[in-house]
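Residue-level structural notes
Each chain, letter by letter, is given below.
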Amino acid sequence: MIFHILAVGDVVGEQGLAHLERSLRPFRKLKDIQFTVVNGENASGTGVTPDQVERLYKAGADVVTLGNHTFGRMKITDRLEEDPYLLRPANYTGRAPGRGWGIYDCCRVEIGVMSLIGRCGLEWGADNPFAAADRLLREERPRFVLVDFHAEATSEKLAMGYYLDGRVSALWGTHTHVPTADERVMPGGTGYITDLGMTGPIESVLGIRPEQSVEQFLGGLPGRYQVADGPCKMQGAVFTLDSGTGLCVGVERVDIR
């Protein structure tokens, strides 16, 4: 039996969230998607509110993952403790609220979802994501395992792909908001793409108004970043998984405008 899994790149601002609400369910139906993971950590620009998490679920997300802006909106803290479908990076320190690993029922099979954050270029005290992945995979391991690796460096993402190749069904990168053209099935059978891209304004710099980003690079004071206006895109990837092996047999990039 074949399963189609959809991973959606970082949702940016109310504009990106509204585009997801318009686009996700029709696309799920078109591609016969059985399970969807959406990275929602930028729904408020930096962070996500409980109300926005609800909207992500209503739009068609089965699981919502976060990243370095997990606590950008502190009102999400209680929701992280209570909601098993909302995942922050598993390699946060043990003092952080929430969870980074969940196992979910889907079409009579179990799907594990793991959220990890990289340490290259994200300067804070995360635990080693490679060691965290090992620890989680030694515990209860369902047939399908999906990994959202929220990281800056392409080298760290690629290294993680090779490290987990054959041990997880699919691994994708988030955080940089720019889709990469390296989607493939790795030698051991893991579906992989370095970055999904984002769900947000097309005419922007990573979702932000271009003039603000330009001003910063010119050495000025851009002020508080604002999400750009205008038409949006929904970017991500579809992973086709084989229920017999639990591994991937195909990867297709997604760009819905």
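Structure's up top.
I will try to describe carefully the structure that is included in this document. (Residues numbered from 1 in each chain as written. Predicted model: local features only at pLDDT ≥ 70, side-chain atom pairs only at ≥ 80, totals over all residues. Heavy atoms only, no water.)

**Considering the overall build of the protein**
Counting its regular elements, the protein contains six helices and 14 strands. On C-alpha atoms alone, the protein measures out to a radius of gyration of 17 Å, which is about the 18 Å that the 2.2 N^0.38 rule sets for 257 residues. In terms of overall dimensions, the protein has a C-alpha envelope of 55 × 40 × 35 Å along the principal axes. The buried share among the 257 residues of the protein stands at 56%. Taking the intrachain contacts of the protein between residues at least 6 apart in sequence as the baseline, contacts between residues at least 24 apart amount to 63%. (Helix = DSSP H or I, 4+ residues; strand = E, 2+ residues; numbered from the N terminus. Rg over C-alpha atoms; globule rule 2.2 N^0.38 Å. Buried < 20%, exposed > 50% of the residue type's maximum accessible area, 1.4 Å probe, protein only. Contact = heavy atoms within 4.5 Å.)

**Some points on the pairing of strand 8 (residues 144–150)**
Looking down a regular strand, the side chains alternate between one sheet face and the other. Most of strand 8 sits inside the fold, with seven of its seven residues counted as buried. Side chains Phe144, Leu146, Asp148 and His150 project from strand 8 onto one buried face, and the interleaved Val145, Val147 and Phe149 project onto a second face that is buried too. Judged from the seven bridges that link them, strand 7 (residues 109–117) and strand 8 form a sheet pairing that is parallel. Within strand 8, the position partnered with Ile111 by the bridge is Phe144. As paired strands, strand 8 and strand 9 (residues 170–174) are joined by five bridges and run parallel to one another. Residue Val147 lies in a different strand from strand 9, and its bridge partner there is Leu171. (Pairing = 2+ DSSP bridges.)

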